[in-house]
Amino acid sequence: MYPSSNGPLLGALAAAAKPKRLLEVGCGLGYSGLWLAYGAGAGGYVETIEASREHAKIARGHFKAEVLEKRIQVLVGEATRVLPALKGRYDLIYFDINPSDSLIVLDHSERLLRRGGELKR
Ligand SMILES: C[S@@+](CC[C@H](N)C(=O)[O-])C[C@H]1O[C@@H](n2cnc3c(N)ncnc32)[C@H](O)[C@@H]1O
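A brief structural summary.

**As for the nonpolar core**
Reasoning step 1: Leu22, Leu36, Val46, Phe63 and Ile72 are the most contacted members of the largest nonpolar core, which totals 17 residues.
Reasoning step 2: Sorting elements by how many residues they give to this core places helix H2 (residues 31-40) first, with 4 residues.

**Things to note about the pattern of salt bridges**
Reasoning step 1: According to the stated counting rule, one finds 4 salt bridges in the structure shown.
Reasoning step 2: Across the pair arginine 21 and glutamate 47 runs a salt bridge, and its minimum N-O distance is 3.4 Å. On the criterion of sequence distance, the pair formed by arginine 21 in strand S1 (residues 21-25) and glutamate 47 in strand S2 (residues 45-50) is long-range, its members being 26 residues apart.
Reasoning step 3: Classification of arginine 21 by relative accessible area gives partly exposed; the value is 27%.
Reasoning step 4: Among the salt bridges present, the one from lysine 120 reaches glutamate 118, with a minimum N-O distance of 2.6 Å.
Reasoning step 5: Since its relative accessible area comes to 27%, glutamate 118 is described here as partly exposed.

**With respect to a nonpolar patch on the surface**
Reasoning step 1: Nonpolar side chains collect at one region of the surface, where Leu103, Leu106 and Leu119 lie side by side and expose about 280 Å² of accessible area between them.
Reasoning step 2: Mapped onto the elements of the fold, leucine 119 is located in strand S5 (residues 113-120).

**As for a positive patch on the surface**
Reasoning step 1: On the surface, Lys87, Arg89, Arg111 and Arg115 cluster together into a positively charged patch.
Reasoning step 2: Here arginine 111 is to be found in helix H5 (residues 102-112).
Reasoning step 3: With a relative accessible area of 34%, arginine 111 lands in the partly exposed category.

**Looking at the pairing of strand S3 (residues 72-76)**
Reasoning step 1: Relative to S3, S2 runs parallel, the two sharing 5 bridges. Residue pairing in the sheet places threonine 48 in a bridge with valine 74 of S3.
Reasoning step 2: Taken together, S2, helix H3 (residues 53-65) and S3 form a β-α-β motif whose crossover is right-handed.

**What to know about the sheet that holds S5**
Two pairing modes exist for strands in a sheet, parallel and antiparallel, and in both the strands are linked by backbone hydrogen bonds.
Reasoning step 1: The 5 strands are arranged S3-S2-S1-S4-S5 in an open sheet whose pairing can be described as parallel. The open sheet has two free edges, formed respectively by S3 and S5, since each of these has just one partner strand. Neighbour-to-neighbour, the strand axes of this sheet turn through a mean angle of 20°, independent of strand direction.
Reasoning step 2: As paired strands, strand S4 (residues 90-95) and S5 are joined by 4 bridges and run parallel to one another. Within the sheet, the bridge partner assigned to tyrosine 90 lies in S5 and is leucine 113.
Reasoning step 3: Where H2 meets the sheet, its contacts fall on S1, S2, S3 and S4, and the angle it forms with S1 comes to roughly 165°.
Reasoning step 4: Its contacts with the sheet place H5 against S1, S4 and S5, and it is angled at close to 150° to S5.

**So, the site of the ligand**
Reasoning step 1: Around the ligand lies a shell of 17 residues, among which Gly26, Ser32, Glu50, His55 and Ala79 are the nearest.
Reasoning step 2: Within the backbone of tyrosine 31, a nitrogen or oxygen atom sits 3.4 Å from an oxygen atom of the ligand.
Reasoning step 3: At a separation of 3.1 Å, a nitrogen atom of the ligand approaches a polar side-chain atom of aspartate 101.
Reasoning step 4: Here the residues of the shell around the ligand are counted per class, giving 7 nonpolar, 5 polar and 5 charged.

The rules behind each value
- What you see as residue numbers is a count from 1 along each chain, following the sequence as written.
- Local features in a predicted model are, by the rule used here, given only for residues with pLDDT of at least 70; side-chain atom pairs are given and counted only at 80 or more, and totals for whole chains, interfaces and linings are based on all residues.
- Note that the side-chain values use all heavy atoms of the structure and ignore hydrogens as well as water.
- The set of buried Ala, Val, Leu, Ile, Met, Phe, Trp, Tyr and Cys residues whose side-chain atoms join them within 4.5 Å is what this entry labels a nonpolar core.
- For the exposure calls, accessible area comes from a 1.4 Å probe over protein chains only, and a residue counts as buried if that area is under 20% of its type's maximum, exposed if over 50%, partly exposed in between.
- By definition, any uninterrupted DSSP run of H or I lasting at least four residues is a helix, any uninterrupted run of E lasting at least two residues is a strand, and each is numbered from the N terminus.
- A pairing counts as a salt bridge when a side-chain nitrogen of Lys or Arg comes within 4 Å of a carboxyl oxygen of Asp or Glu.
- In this analysis, a patch consists of residues with relative accessible area above 30% that form no salt bridge, clustered at 9 Å for like charges and at 5 Å for the nonpolar side chains Val, Leu, Ile, Met, Phe, Trp and Tyr.
- Values of accessible area rely on a 1.4 Å probe in the Shrake-Rupley scheme; residue burial ignores everything except the protein chains shown.
- For this count, His and the chain ends are skipped, Lys and Arg are scored as positive, and Asp and Glu as negative.
- For this purpose, a charge sits on NZ of Lys, CZ of Arg, CG of Asp or CD of Glu.
- When DSSP finds two or more bridges between two strands, those strands count as paired.
- We call a crossover right-handed when, viewed with the strands running away from us, the connection from the first strand over the helix to the second turns clockwise.
- Under this scheme, a helix contributes an axis fitted over its contacting stretch, all axes are lines through C-alpha atoms, and angles between N-to-C directions fall in the 0 to 180 degree range.
- Residue contacts follow a heavy-atom distance rule, with two residues in contact if any of their heavy atoms lie within 4.5 Å.
- The nearness test applies per residue and asks whether one of its heavy atoms lies within 4 Å of the molecule or strand.
- Think of a polar contact as two N or O atoms within 3.5 Å of one another; within protein, one of them needs to be a possible hydrogen donor and the other a possible acceptor, and neighboring residues in sequence only count if both atoms come from side chains.
- Here the nonpolar group is Ala, Val, Leu, Ile, Met, Phe, Trp, Tyr, Cys and Pro; Asp, Glu, Lys and Arg are the charged ones; every other residue, Gly included, is treated as polar.

Shown next as structure tokens:
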């Protein structure tokens, strides 16, 4: 899994939006999830979806190492299966999975994003 260079940007966007509930689709090893949690600050809670059990395990280890495990929850499963079960409103949704799955993410984001919330790709 690759850390990208946009982590600080994601953190800055989260800091500006001050989201309380964040959803990420495509946790990977947790790099972007950590930046989202850092940016959102103590009032933010991140749920992050990951299909690979192996990636989820490594990401949880990173969240624990940064003492952020209580503010980041990994939801293990295919986004197409996990998203329909989610309820309520998110202040910020970030998705970082294969573009071929983007349409389903967009459909659910419309349902899950609060009015005025932020959707990032
Ligand atoms: C580009 S990486 C995510 C990188 C991560 N956001 C970061 O910046 O560290 C994409 C991740 O999404 C997962 N993934 C891909 N398609 C998925 C899907 N349909 N549902 C859930 N997870 C998926 C892959 O296993 C991979 O770990």
